[in-house]
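Listed here are the chains, written in short residue letters.
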Amino acid sequence: IAGITQAPTSQILAAGRRMTLRCTQDMRHNAMYWYRQDLGLGLRLIHYSNTAGTTGKGEVPDGYSVSRANTDDFPLTLASAVPSQTSVYFCASSPGLAGGNEQFFGPGTRLTVL
Amino acid sequence: GQNIDQPTEMTATEGAIVQINCTYQTSGFNGLFWYQQHAGEAPTFLSYNVLDGLEEKGRFSSFLSRSKGYSYLLLKELQMKDSASYLCAVREGDYKLSFGAGTTVTVRA
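### Quick word on the interface of chain A and chain B
Reasoning step 1: Taken together, the 19 residues of chain A in the interface contact 16 residues of chain B.
Reasoning step 2: Interface of chain A and chain B: buried area, both sides summed, is about 1500 Å²; carbon and sulfur atoms make up 59% of it.
Reasoning step 3: Across the contact surface, chain A and chain B share zero salt bridges.
Reasoning step 4: Counting every contact that joins chain A to chain B gives two residue pairs in polar contact (both at pLDDT 80 or more).
Reasoning step 5: Mapped by element, the contributors of at least two residues to the side of chain A that touches chain B are β4 (31–38) and β5 (42–49) of chain A.

The following block contains the structure:
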């Protein structure tokens, strides 16, 4: 059982380039999330999806877009990368929205924008 | 929005007890989570509190006081492997999980 996988593990990207971070879960979880983690700031929510076909904006959505065509996949796209998007990106999922549903995190993608 | 505060760093000796405090300000409180994150790894779930009181799970316990906007994570019988960052997270509404900056705990022999 893989849980949540993310690709790539790390990436160095030139500013202005387009980049898609991939996230796949095999737990049939309804909800999925994208966070970025920066030193001293903790995890910040970028976008989320309650269920397949729906998405919503989190705390820091600017410069990022997501899609949720099916239950398993939740890609995050940077249309034109900027150096301030250098960060560690974590994808997470949870069974649903209500109750004590914990979020399960993927291993992360370390992105450097030069 | 959220305002979640926790200490930046704590150091303790192997076998000791450490208490990590978390204070928060929010509307629509719907649960508080604690996660553990080792350096270079993903966060992993430790505990969840939605009602006032203490939740115990082995060497780890978590406490919540909703009226005071306060929680703590208690780590007992510290082991070297407990050296990690501990993240306090508050859920507001159905889905939104807001994280504190994390507390780095260093366990010394």
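### Thoughts on the sheet that holds strand β3 (residues 19–25) of chain A
Residue and element names in this part refer to chain A.
Reasoning step 1: Reading across from one edge, β1-β3-β8-β7 is the order of the four strands in this open sheet, with antiparallel pairing throughout. The sheet is open, and its two borders are formed by β1 (4–7) and β7 (64–66), each paired with just one other strand. Across this sheet, the average inter-strand angle for adjacent strands is 20°, counted without regard to direction.

### Some words on the pattern of salt bridges
Residues and elements named next belong to chain B.
Reasoning step 1: A full pass over the atoms with the stated rule returns six salt bridges over all chains.
Reasoning step 2: One salt bridge connects R66 with D52, and the closest N-O pair in it is separated by 3.0 Å. In this pair, R66 sits in the loop between β7 (60–65) and β8 (70–75) while D52 sits in the loop between β5 (44–49) and β6 (53–57), placing the two residues 14 residues apart along the sequence.
Reasoning step 3: Looking at R66, the relative accessible area reads 41%, which means it is partly exposed.
Reasoning step 4: What makes D52 partly exposed here is its relative accessible area of 44%.

### Topic: the state of the cysteines
Two cysteines, two sulfur atoms, one covalent bond between them: this is a disulfide.
Reasoning step 1: Under the counting rule described, the total for this entry stands at two disulfides over all chains.
Reasoning step 2: With a sulfur-sulfur separation of 1.9 Å, A:C23 is cross-linked through a disulfide to A:C91. Looking down the S-S bond of the A:C23 and A:C91 bridge, the torsion is -70°, so its handedness is left-handed. Residue A:C23 is located in strand β3, and its partner A:C91 is located in strand β9 (residues 87–94); the two are separated by 68 residues in the primary sequence.
Reasoning step 3: The exposure class of A:C23 is buried, given its relative accessible area of 2%.
Reasoning step 4: For A:C91, a relative accessible area of 0% translates into the label buried.
Reasoning step 5: In this model, B:C22 is linked to B:C88 through a disulfide, with the two sulfur atoms separated by 2.0 Å. Handedness of the B:C22-B:C88 disulfide follows from its S-S torsion of about -70°: it is left-handed.

### Comments concerning the nonpolar core
Reasoning step 1: Counting residues in each nonpolar core, the largest one holds 20 residues, and the members touching the most others are B:I20, B:L32, B:W34, B:L73, B:L75 and B:Y86.
Reasoning step 2: Mapped by element, the contributors of at least two residues to this core are β3 (18–25), β4 (29–37), β7, β8, β9 (84–92) and β11 (103–108) of chain B.
Reasoning step 3: Excluding its chain neighbours within four sequence positions, the residues that come into contact with B:L32 are B:Y24, B:S47, B:Y48, B:N49, B:L64, B:S71, B:C88, B:A89 and B:V90.
Reasoning step 4: With 18 residues, the next largest nonpolar core counts A:Y64, A:A81, A:Y89 and A:V113 among its residues.

### Quick word on the packing of aromatic side chains
Reasoning step 1: Per the stated rule, a full pass over the model turns up 16 aromatic pairs over all chains.
Reasoning step 2: Ring centres of B:Y24 and B:F29 lie 5.2 Å apart, and the angle between their planes is 15°; this geometry places the pair in the stacked category.
Reasoning step 3: When its relative accessible area of 8% is taken as the criterion, B:Y24 is described as buried.
Reasoning step 4: Seen in terms of ring centroids, B:Y35 and B:F99 are 5.8 Å apart; in terms of plane orientation they differ by 50°. Their pairing is tilted. Pair noted here: B:Y35 is in strand β4 and B:F99 is in strand β10 (residues 96–99), with a separation of 64 residues, a long-range link.
Reasoning step 5: According to the relative accessible area criterion, B:Y35 is buried, its value standing at 0%.
Reasoning step 6: An aromatic cluster is built from A:Y33, A:Y35, A:F90, A:F105, B:F33, B:Y35, B:F45, B:Y48 and B:F99, whose rings are joined through pairwise contacts.

### Observations concerning the pairing of β4(A)
Residue and element names in this part refer to chain A.
Reasoning step 1: With eight of eight residues buried, β4 is to be regarded as a mostly interior element.
Reasoning step 2: Taking every second residue as pointing to the same face, both faces of β4 are buried, with A31, Y33, Y35 and Q37 on one and M32, W34, R36 and D38 on the other.
Reasoning step 3: Pairing of β4 with β9 involves seven bridges; the strand directions are antiparallel. Each residue of the ladder has a partner; that of Y35, found in β9, is F90.
Reasoning step 4: Across seven bridges, the pairing between β4 and β5 is antiparallel. Following the sheet pairing, Q37 is matched in β5 by L43.

Conventions adopted
- Residues numbered from 1 in each chain as written.
- Chains lettered and ligands numbered in written order.
- Predicted model: local features only at pLDDT ≥ 70, side-chain atom pairs only at ≥ 80, totals over all residues.
- Heavy atoms only, no water.
- Contact = heavy atoms within 4.5 Å.
- Buried area = accessible area lost by both parts, 1.4 Å probe.
- Salt bridge = Lys/Arg side-chain N within 4 Å of Asp/Glu carboxyl O.
- Polar contact = N/O pair within 3.5 Å; in protein donor to acceptor, adjacent residues only side chain to side chain.
- Helix = DSSP H or I, 4+ residues; strand = E, 2+ residues; numbered from the N terminus.
- Pairing = 2+ DSSP bridges.
- Axes fitted to C-alpha atoms, helices over the stretch in contact; angles between N-to-C directions.
- Buried < 20%, exposed > 50% of the residue type's maximum accessible area, 1.4 Å probe, protein only.
- Disulfide = S-S within 2.5 Å.
- Core = buried A, V, L, I, M, F, W, Y, C linked by side-chain atoms within 4.5 Å.
- Phe/Tyr/Trp six-rings, centres within 6.5 Å; stacked < 30°, edge-to-face > 60°.

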